[in-house]
Structure formats: C-alpha cells, structure tokens
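Coordinate inspection notes
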Amino acid sequence: MKRREFLSSFAIGVPALALAPTVLLSACGSGSDMAGEGGGKDATLRVIHTQSLSSLDPIWTTAPGAREFGFLTYDQLIAVDDHFVPKPQMAEGWTIGDNGRSYVIALREGLKFHDNEPVRSQDCIPSIQRWAARDGFGQILLEQVDGFDVIDDRHFRIRLKAPFPLLPAALGKSSAPACLIMPERLAKTDPTTAVTEAIGSGPFRFLKDQWVTGSKAVWERFDGYVPRKEPASGLAGGKIARVKSIVWSQITDASTALSAIQAGEQDYWDLPPADLQPAMAGNPDIVLGRRLNADTYFMLQPNHQQPPFDNPAIRQALAMALDQMAMMKSIAGNRPGDAHPSRSFYASESPYFTEAGSDVLKVADIGKARQALASAGYKGEKVVLLSGAENPAAALGQIIEDVLRRMGMTVELVTLDFSSLTQRRTNHGPVSAGGWSLFVTGWTGGDILDPVVHPMLRGAGLKGYAGWAEDPKIEALRRQWALAPEAQQKPLAEQLQIEAFKTLPYIPLGAVTANAAWRKTVTGVLPAPYGVYWNIGKTA
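Structure report, in brief. (Residues numbered from 1 in each chain as written. Predicted model: local features only at pLDDT ≥ 70, side-chain atom pairs only at ≥ 80, totals over all residues. Heavy atoms only, no water.)

Considerations on the packing of helix α4 (residues 121-134) against helix α5 (residues 136-144)
As a reminder of what qualifies: Axes here refer to lines fitted to C-alpha atoms; in helices the fit is confined to the stretch in contact. Angles between the N-to-C directions go from 0 to 180 degrees. A helix here means a DSSP run of H or I that spans at least four residues, while a strand means a run of E at least two residues long, and both kinds are numbered starting from the N terminus. The crossing is said to be left-handed when, going from far helix to near helix, the turn is anticlockwise and less than a right angle, and right-handed when the turn is clockwise. Residue contacts are counted whenever heavy atoms from the two residues lie within 4.5 Å of one another. All amino acids are sorted into three groups, where Ala, Val, Leu, Ile, Met, Phe, Trp, Tyr, Cys and Pro are nonpolar, Asp, Glu, Lys and Arg are charged, and the leftover types, Gly among them, are polar.
Interaxial distance between α4 and α5 falls to 6 Å at its minimum, and their mutual angle equals 115°. Relative to α5, the crossing made by α4 is left-handed. On α5, the residues touching Gln129, Trp131, Ala132, Ala133 and Arg134 of α4 are Gly136, Gly138, Gln139, Leu141 and Leu142. Considered class by class, the residues forming the contact of α4 with α5 number 5 nonpolar, 4 polar and 1 charged.

Describing the sheet that holds strand β5 (residues 102-107)
What counts, and what does not: Here a strand pair is declared whenever DSSP counts at least two bridges between the two strands.
Taken in spatial order, the 4 strands line up as β4-β5-β7-β6 in an open sheet, and their pairing is antiparallel. Taken across any chain shown, the strands that pair with only one partner, and hence form the sheet edges, are β4 (91-97) and β6 (145-152). Each strand of the sheet is rotated relative to its neighbour by a mean of 20°, with strand direction disregarded. Here 5 bridges tie β5 to strand β7 (residues 155-160), and the two strands are oriented antiparallel to one another. Looking across to β7, one finds that Tyr103 is bridged to Ile158. Lying over the sheet, α4 contacts β5, β6 and β7, oriented at roughly 160° with respect to β6. Against the sheet, α5 makes contact with β6 and β7, and its axis sits at roughly 85° relative to β6, the strand it touches most.

A closer look at the pairing of strand β16 (residues 410-416)
So the rule is basically this: The handedness rule is simple: strands pointing away from the viewer, and a clockwise path from the first strand over the helix to the second, make the crossover right-handed.
The pairing of strand β15 (residues 382-388) with β16 spans 7 bridges and is parallel. Considered in β16, the bridge of Val383 is made with Val411. Crossover connection from β15 via helix α13 (residues 393-407) to parallel β16: handedness right-handed.

Some points on the packing of aromatic side chains
The following threshold applies: To pair, rings of Phe, Tyr and Trp, with the six-membered ring standing in for Trp, must have centres within 6.5 Å; the planes then decide the type, stacked if under 30 degrees apart, edge-to-face if over 60, and tilted in the middle.
Evaluation of the coordinates by the stated rule reveals 18 aromatic pairs. Put simply, the rings of Phe69, Tyr74, Phe206, Trp211, Trp219, Trp248, Tyr268, Trp518 and Tyr533 pair up and form one aromatic cluster.

Take a look at the structure:
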C-alpha cells in the first residue's frame, strides 16, 4: 500500500476509536451543525489550556503552547487534512513544471494579515526561508531549492535543483515548527531570534495586551479572514470563527480546573488528568472524547554531549530498565485501555511503523539493566533528570527517577514548568554548570509519522534537537529517504530505525490515547493533530 493510500484510509484511526471508551467526535457535532446557532457568534469559548504560552514565535520554539498558538493565530500555505494528506490552504493551488523542478504557488484572493495588510508572495518566501532554517524537513527542502521568484503579489515560484515530490508535504507538515506565514518584516527576523509580535492571517487575532504569561491568552475573531469553501478537516479546509473570542486559562491545580468545567465557568479542557476523567464521564453536562487524530507518544531524551549518557552503552542500559506498559498504565489511571507500548521510532498510525531493532525495549528488567550499567563503566556521575511540573510528565519523571535509583545511579529530579524546561535544555554544559542529563517530553503521532517530519529522530549533533545525538548514518538515511522513490521509502525507514536503536537518539516510553473534555453547550469539535479551536461554537 502506498503512503498516500494508507494515510487516506487512516481516517483518524476509526477502528481504534470504535473500541475506545470515549465519544466519537462525529456524534458531537461538526462545522455544518453550527449553521443555525442562535447568538453563538457573540460567545466566548473559555478553554483550560494545559501548556503555558511563553513565546509568541512558533518557528523559534517547538513548545506545545507556542505550537497551538501558532495554528490559531497564523495560517499555512498548505495544510494536512485529518488523513495527514497535504491540501491547499492559503494557496489556491500549485502547478508543477520543468519536469518536476518548478512549483508555482498561487495564493487565494482576499488573504489579509491581522493588520489588514494583504498577504503577498513577498511575505511567503521569507516565511518559508526562516521556517526552513529551523526545521529538519525544511533544511532538506532548502538543499533542493535553486531559488525563489516573485511572479506577482499572488504568485511565486520555487525552483528546484532536481524534482522533489515531498515539497507540498514539507510546506504542509503539522509537526512543530510548521511553516506558518508571517508578514515580510517579521519573516526576515534572524531565525535564531524570537519574534515578539503576533500578526498572523488566521481566523482569530491574538490580543497581546491581554496576554499574561503562565495565566491567560486571548484571541478575537478576525472579520477580515476569508475561509476556504471546503469543510474543515484536520488543519485544512474552511476555518470558520464561530465564536467572538477565545480565552485560554492555565489552571495549574487539576481539582480547581475540574470544578471550573463542572460549574460551567470553563467550556473546554484540552488534557484533563486520567484520574479525574471518571468524574466528568458521569456528568450529563460534559462530553469526554478523543480529540486528537493520533495517540500521544512520550520520550526520554538523553544528553549525548555530557556524561554519563554520552556513553552509548549507558543509554542502552537505561532503555533495558524501562517498562513501557507499566509507565503508560500509571498515567492512564483507571483507563488502562488507553495505554499502549511503542517499541518504534514511528507512530503506530504511520505506514512506517515497525519494531525492527527494538529488542532493547523488550527487556524491561532492572536487574539486567544494573548489570549492563556496571559493564558500561558507570562511575557514579550525577544524573539530572528534568521533568515538567504538569502531569503526565510529572508522573513519568517520578517513575524514571525511581528506575534510575534502582539501577544504582546518582540522580536529582528537577521539576520545572514547560517554559523553564525548554530554556534549561538549551544548556550544553555539565550538570555542575546548570546542565542536564535527561528530560521527559511528548509528541503526538502526527509529529512522528516519518523520518523527516520527526523532530527527534536526528543525528545532527549540535545542529539537531536538544540532546544533540551524533550519528551521520541517521542523517544520511533521512536524506536518502526524502529523495527516494516511494517504493524504496519503507525499507529505508526501517534501516534508519535499526540504526537509531543502536544510537538511541532518544528512548521511546510508550503511548496513550488522550481525551479532552467539553461542556455539551460546545459544538463543532473536530478531530485534528492538535487542539484547534476554529469551527467550535457554543449554543449558550
């Protein structure tokens, strides 16, 4: 089966959804259900948002808060639908010429930024260039680009050195950082410097003067937005602002958040803890359902540049100690069916999913891991484990700390809010100078579908993802995969995984099916790679 055919048949994992003890989103209303909503256009959608918004630059950081801010504020030239197939979004379409070495992209008429300036080709080209400088898939794309040409305000050309059929997939990728279009003056900001303004062209306009880091973020409907005519699907299609405003509140105490949604003070909760979900499942005013069209995957990222995990044998010993199902069941709570092993570097939803080379993850034995650690030459170096302060990352951090101690390692668990963790993990120094040894993170299945979308499956050293794994063979196989005919991509993806299990750029921890919660007055909730809020309305 070809990749495109597979993803087209994926359809948000319908068989898995049919078995899951959650609500099917098709039963919860769609964008078309909202046509006759009375008074909904003036409503405010109040969202309990788990992750803090600490940066206004979704190109500069991959933090989840910035990623979802980006999709709500900005728009993409090309976007993936709920089958992860690239579709025109800001683009009206594109034509391919010169035997596959030229793409002419046409912009839709009427596109405006939130300052009411038109979206032009001159904005799109530097936006692509800045994004590509920060993104692994984008870097591979730029290697194939011979140049960019402005044809007119609504048309531009990308000239290629050789045919590159994955160009639409690159520009439309959903994983962070995604290729979001900014005004030219912002897009020309140095890629290593964060943009501090937020002028997008999406259906909602960000109100920076009401933003309180770690507490609140506010958007209002942008009346100048012209949605596509197709129904919304994933990150593609007609993005319709069905409420007047959206307010994200970060309520760090889960019990307080639960009380707020039960009392109707909040409308939507993006990631309620598993142990509180039974209380909502029994509430007739609340819907508990799977929102994401893929599972959520957790990873343990070692620091490859500092002891002790600069030693590949010590990374292997740690992987042998971790019991995926025990960890995932611990964070799934009384919903054990939502916990899944993931002995692969690719999502189970991916056509490239394989367990080839993953024997080290099947050991799950502290005793054997302790022996392997001794044989690897561990000298008692201090291990600093970074973990997010919010569950499930906090719970995973405590479990992994216990595993490390039982292996005989000297460990300090440091719990941080996500913005502080993302800052700390940029420290390349030793733990004695504020560095780190390990951190816990997570991505959705759409982020790890294939070798070039995957942000952590890298061997680029200091040019790659935090942890800075070095493996030239991984990098070579990524490029080979991107340039290969489709028939050769699956065996190449497997070869890459086998090599990655030798290096362990990171350690897969498992996956869970994540649920969201919303009050029954909320309508139009659609499956997507992330929590997105267009097409959602309120009946009261």
